[in-house]
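Structural overview for review
One-letter residues, chain by chain:
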Amino acid sequence: MRTRSLVAALAVTAVALPGAAASGSNEAGGDWTRFGYDAARHDVGPAATGITAANVGSLVRQRVELGGTADSSPIYLRGVTVRGARHDVFFVTTSYGRTVAVDASSGAILWTFTPPGYSSWAGSYRITNASPVADPTRRFVYAAAPDGRIYKLAVATGAEVRSRSWPAGITRDPTHEKIGVALNFARGLVLAATGGYIGDAPPYQGHVAALDARSGRLVHVWNALCSNRHTLLVPRTCAQSDAAIWARAGVVVAPGTGNLLVATGNGPFDGRTAWGDSVLMLSPNAARLLRNWTPRDQAALNSGDVDLGSTAPALLGSTLAVQGGKDSRLRLLSLGRLGGRVGSTGGELQTVATLGGLFSAPAVARNGGTIRIFVGTFSGTECYVLRRGRLQLAWRRPELGTSPVLAGGLLYVYDPGGGVLNVYRPSTGTLVARLPAGSGHWNSPIVTDGRIALPEGSANEHKAAGVLNIYRLR
C-alpha cells in the first residue's frame, strides 16, 4: 500500500461565473454530494455546468486560508441554509479530520468542525484521505476522522450529532486501521471502509462497515481477513493482517441491485476467509460475500507489494466492470460471474496494459452507444473505448493525472506533479486549458454550478495548514 509522497500545498479551486444570482452561482449543475458524483462512482457530473471550452481558460484565482490539507475531493450543496442565510457550500475534510464548510461564492469559512481529541494525533502519521458524503436530506454531512469514527454534522451549523450511536466507530484500533477512502451512501446506509497506514504496519484488516444513517448503528461489517467473523475485530485477534480497502472510490454501489463492490490490497488469499488482492461483490448491506475475482498471480502481487486494490472496480453499465492495479494493467470483468465459483482465481475477459499503475478512480461515460473509460496514472492519461465487448485504446497523453472527472462536456484531470488542472475534449484528448494549481497527491476536482473545486496537497507531508483557491472568470 506504499505510495510516493508529493509536495504538500493544499488548495481548493472554485469557479464562479459573472452575472450570477445573489448566491454567486449560475445554477447549472446542482449538488455534488460525494466522491465520483454518484453512488456507482462513475466520476461523470452534470451535463451542463456553466463552464465551456470557450470560457474555461479565462479563470482567475482568489486564495483563501483553509487550515488543513484535504488530500481528497470536496463535495457541494447548492442553496443550503447555514447560520440563517442561504449559501452554496463546498465541504472538505482535512487530513487530520477537520471538516470545513466554505462559501462557494465568497470563499468565506462558514464553519469548521474539529473532532474531539484532534490535538492528540494532529501532526502524526494518523491521517485520513476520506471525502465526506452528504445526506439525501441535505441537512447533514458525514465525515471521517483519524480516531476511527464517522461523524454526522449539521449542514446549518457544523454541530456534531451526538445521539444514539453517533459518532460511529468503525475500528477497534485507529492507531493501525485507517479510514482512507471516500464515504458513500445508499439505501439509508453510510458506507465506509478501512485499510492501514503508510508502511503497512500490522495488525490491521481491511473491512467494509455499513452504518444506519439515522442512528449511527453498525448494521453489518464484512472483514476481508477472518471473514467468518461478522463484527469489528480487535486486529491482533485475527491471525492475518492487511488486505486493505484503500482505493479512492472505496465502496462502489451497483445501480439496480445495490450490491457493493470493493477491491482489496496486499494480503493473504485462501478463497475461504482470506481475500487479499481481490475484487469482491457484497450484498447491499455488506452482510454477505456474493462473488470474487482474484487474479491467478495473487501470491506474486502480494509478495511484491503490487496491490490490486490501489483502485476500485469501475462499472461499465450493468454487466461489465474494469479493475486496474499497481501492476499497470486493466482487466475487463463480467459482473454476472466475476471469477466464477466463489473462492476460485482467474476468469477475466480481457487484460490490457496501461501507461502506469492506477492510484486513482477511472471515469466511465456513455455517449449514445459509446462507453469511454478515462484513466489517470503517474505516467500519463488515457482513454479506452468499449467496442464489441473489448477495450480499445482511443488516445493517450503524457500528462499524469489523478481521478479524472467528466462534466459539462469537458474532461478534467489534475496533474499533482505538474501542479495544474488539465482540461481536455473527452473524445479526442485535445488539450483545452491548463488551470494553475499547486502540487498534490490523490486530490481530484468537482465541477458544477459554474465552479470547479480542486483540493491540493499531500496528507503524507503531515501539514497542518492549507489554502482554498477560488477561480473566477474575468
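Quick note: structure is the one above.
Here's a quick rundown of the structure. Along each chain, numbering runs from 1 in the same order as the chain's sequence is written. Where totals are concerned, whole chains, interfaces and linings use all residues; where local detail is concerned, this predicted model gives features only for residues with pLDDT of at least 70, and gives and counts side-chain atom pairs only at 80 or more. Side-chain measures were taken over the full set of non-hydrogen atoms in the model, leaving aside hydrogen atoms and water.

Description of the nonpolar core
Note on terminology: a nonpolar core comprises buried Ala, Val, Leu, Ile, Met, Phe, Trp, Tyr and Cys residues joined through side-chain atoms within 4.5 Å. Only protein chains enter the accessibility calculation, which uses a 1.4 Å probe. A residue is then buried if its area is under 20% of the maximum for its type, exposed if over 50%, and partly exposed in between. Counting residues in hydrophobic clusters, the biggest one holds 31 residues, and the most contacted among them are V56, F90, Y412, L421 and I452. Counting residues in hydrophobic clusters, the runner-up holds 26 residues, among them I245, V251, F269 and L280.

Details of the pairing of strand 16 (residues 218–223)
Bridging between strand 15 (residues 207–212) and strand 16 involves five bridges; their strand directions are antiparallel. Considered in strand 16, the bridge of A209 is made with V221. When DSSP finds two or more bridges between two strands, those strands count as paired. Helix and strand assignments come from DSSP, with helices taken as H or I runs of at least 4 residues and strands as E runs of at least 2, each series counted from the N terminus. If you look at the hairpin formed by strand 15 and strand 16, you'll find five residues sitting between the two strands, and G216 has a positive phi there, around 80°.

Considerations on the pattern of salt bridges
What makes a salt bridge here is a side-chain nitrogen of Lys or Arg within 4 Å of a carboxyl oxygen of Asp or Glu, nothing more. For the structure shown, the criterion picks out 15 salt bridges. The shortest N-O distance in the salt bridge between R138 and D31 comes to 2.9 Å. Taken together, the positions of R138 in the loop between strand 7 (133–134) and strand 8 (140–144) and D31 in the loop between strand 1 (14–16) and strand 2 (59–65) put the pair 107 residues apart, joining distant regions of the chain. On the basis of relative accessibility, which here comes to 28%, the residue R138 falls in the partly exposed class. Given the relative accessible area of 24%, D31 is considered partly exposed. The shortest N-O distance in the salt bridge between R396 and E382 comes to 2.5 Å. On the criterion of sequence distance, the pair formed by R396 in strand 28 (residues 390–397) and E382 in strand 27 (residues 380–387) is long-range, its members being 14 residues apart. Residue class for R396 comes out partly exposed when judged on its relative accessible area of 42%. A relative accessible area of 0% places E382 in the buried class.

Topic: the sheet that holds strand 29 (residues 405–407)
Across the sheet, which stays open at both edges, the four strands sit in the order 29-30-31-32 with antiparallel pairing between neighbours. Strands at the two margins of the open sheet, each flanked by one partner only, are strand 29 and strand 32 (431–436). Each adjacent strand pair in this sheet contributes to an overall mean axis angle of 25°, direction not counted. Here five bridges tie strand 31 (residues 420–424) to strand 32, and the two strands are oriented antiparallel to one another. Counted as the bridge partner of Y424 is L431 from strand 32. Think of each axis as a best-fit line through the C-alpha atoms, taken over the contacting stretch in the case of a helix, with angles from 0 to 180 degrees between the N-to-C directions.

Focus on the sheet that holds strand 21 (residues 314–316)
Reading across from one edge, 21-22-23-24 is the order of the four strands in this open sheet, with antiparallel pairing throughout. Of all strands in the sheet, those bounded by a partner on one side alone are strand 21 and strand 24 (350–353). Strand-to-strand twist of the sheet, defined as the mean angle between neighbouring strand axes without regard to direction, takes the value 25°. Sheet topology note: the strand 22 (residues 320–323)/strand 23 (residues 329–334) ladder contains four bridges and is antiparallel. Note that in strand 23 the partner of V322 across the bridge is L332.

Some details on unusual backbone geometry
For the peptide bond that leads from W166 to P167, omega is -5°, which places it in the cis range. Inspection of the secondary structure assignment puts P167 in the loop between strand 9 (149–154) and strand 10 (168–169). Cis peptide bonds are those with omega within 30 degrees of zero, and the linkage from P202 to P203 qualifies with 0°. Phi at R187 is positive, roughly 55°, even though this residue is not glycine. Within the secondary structure, R187 is located in the loop between strand 12 (184–186) and strand 13 (189–193). You will see that C226, though not glycine, has its phi angle at about 55°, which is positive.

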